[in-house]
Amino acid sequence: TSSTLDLSSNGVTATIAGGTVWITGLFGSALSFDGTDDSVNIPALGAANSLGALTLEAWVKTSIGGNDKTILGKTDGSANGFALALNGAGAGTAGAPSFWSNNTWTHAAFAINDGRWHLIAATNDGVTTKIYIDGSLAKSAAHVPSLINNTNIQVGARTGGANFQGMIDEVRLFNYAKPSAEIE
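Definitions and cut-offs
Numbering of residues starts from 1 in each chain and follows the order in which that chain's sequence is written. Local features are withheld for residues below a pLDDT of 70 in this predicted model, meaning they are given only at 70 or higher, and side-chain atom pairs are given and counted only at 80 or more; totals for whole chains, interfaces and linings count all residues. Excluding hydrogens and water, the side-chain figures rest on all heavy atoms present in the structure. Each helix corresponds to a stretch of at least 4 residues labelled H or I by DSSP, and each strand to a stretch of at least 2 residues labelled E; elements are numbered beginning at the N terminus. Think of it in three bands: residues with accessible area under 20% of the maximum for their type are buried, residues over 50% are exposed, and the middle band is partly exposed, with areas taken using a 1.4 Å probe on protein chains only. Working rule for contacts: check all heavy atoms of both residues, and any pair within 4.5 Å makes them a contact. The salt bridge definition used is simple: a Lys or Arg side-chain nitrogen within 4 Å of an Asp or Glu carboxyl oxygen. For Phe, Tyr and Trp, rings pair up if their centres lie within 6.5 Å, where Trp contributes its six-membered ring, and each pair is then called stacked (planes under 30 degrees apart), edge-to-face (over 60) or tilted (otherwise). Any N or O atom pair separated by 3.5 Å or less is treated as a polar contact, with the protein-specific requirement of one donor-capable and one acceptor-capable atom, and with residues adjacent in sequence counted only for side-chain atom pairs.

Trainee: How do you make sense of unusual backbone geometry when you look at a structure like this?
Mentor: Most peptide bonds adopt trans geometry, and most residues besides glycine take a negative phi value. With a phi close to 60°, Asn103 is a non-glycine residue in the positive phi region. Structurally, the position occupied by Asn103 is in the loop between strand S9 (97–101) and strand S10 (104–107). On the basis of relative accessible area, Asn103 is assigned to the exposed category, the value being 57%. Phi at Asp134 takes a positive value of approximately 55°, unusual for a residue other than glycine. Tracing the chain through its elements places Asp134 in the loop between strand S12 (128–133) and strand S13 (136–142).

Given below as structure tokens:
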């Protein structure tokens, strides 16, 4: 088990679990996830337990499609929390960036499992979810979330699995819905 540092002013140290390994990423180092048991576990943050809006961002690289793959999640097995993931083989396009909260998914229309780095972002202002791929709006839909729970935030997995297979770099969580001009 190793750790990674939070570069924000929160100063949180996350724990790297499973076989997650450091690799050369898009910006310095990134983490490689095997899709089985890898994750980064970030202790429950008080600020993340009282969100009314949010933005989730990460650079991801994968060539795997099919199963639901979590990039960043804060779920507790109920409808509460949130997840940024690549869609599984259910509704929508397999491998497409998706946002989950309140037992509802919002999916972008096309997959990004092409083996190249992509900036994936999801915003929710309490009423609407917007999903961005490489800085361009890919989906906007009405979506009232239920963001609050007291669980840890996970990178590469969420409660119940849905483990990511590929690389993740530069993960960010904001406590507001960033306007499109700020997503790049």
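Trainee: Would you take a moment to explain the environment of Ala17 for this structure?
Mentor: Summarising the element assignment, Ala17 is placed in strand S2 (residues 13–17). Between the C-alpha atoms of Ala17 and Phe33, which are 16 residues apart in sequence, the distance is 10.0 Å. Residues contacting Ala17, with those up to four places away along its chain left out, are Asp37, Asp38, Ser39 and Asn41.

Trainee: Help me understand the pattern of salt bridges, please; the structure alone is not making it clear to me.
Mentor: Pairing between side chains becomes possible if they bear opposite charge and their charged atoms approach one another. Tallying each qualifying case throughout the model produces four salt bridges. For the salt bridge of Arg172 with Glu57, the shortest nitrogen-to-oxygen distance reads 3.9 Å. Placement of Arg172 in strand S15 (residues 165–174) and of Glu57 in strand S6 (residues 54–61) is noted, with a sequence separation of 115 residues between them. Taking relative accessible area as the criterion, Glu57 reaches 4% and is therefore assigned buried. Among the ionic pairs, Asp114 bridges to Arg116, the shortest N-O distance being 3.6 Å. Judged by its relative accessible area of 52%, Arg116 is exposed. A single network of salt bridges, built from pairs that share partners, joins Glu57, Glu170, Arg172 and Lys178.

Trainee: Help me out: how do you make sense of the packing of aromatic side chains in this one?
Mentor: According to the stated counting rule, one finds three aromatic pairs in the structure shown. Between the aromatic rings of Phe27 and Trp59, the centroid separation amounts to 5.6 Å while the plane-to-plane angle is 65°, which identifies the pairing as edge-to-face. With Phe27 in the loop between strand S3 (21–24) and strand S4 (29–34) and Trp59 in strand S6, this residue pair connects regions lying 32 residues apart in the sequence. Residue Phe27 is classed as partly exposed on the basis of its relative accessible area, which comes to 42%. Judged by centre distance (5.9 Å) and plane angle (70°), the ring pair of Phe174 and Tyr176 falls under edge-to-face. Residue classification places Tyr176 among the partly exposed residues on the basis of a relative accessible area of 34%.

Trainee: What is the right way to look at the environment of His143 in this model?
Mentor: Looking at the secondary structure, you find His143 in the loop between S13 and strand S14 (153–155). Each C-alpha atom of the pair His143 and Trp100 lies 9.3 Å from the other, and the pair is 43 residues apart in sequence. In this view, His143 contacts Phe99, Trp100, Ser101, Thr104, Thr106, Asn124, Gly126, Val127, Thr128 and Thr129; residues no more than four positions away in its chain are not counted. A distance of 2.9 Å separates the side chain of His143 from the side chain of Thr106, its partner in a polar contact.

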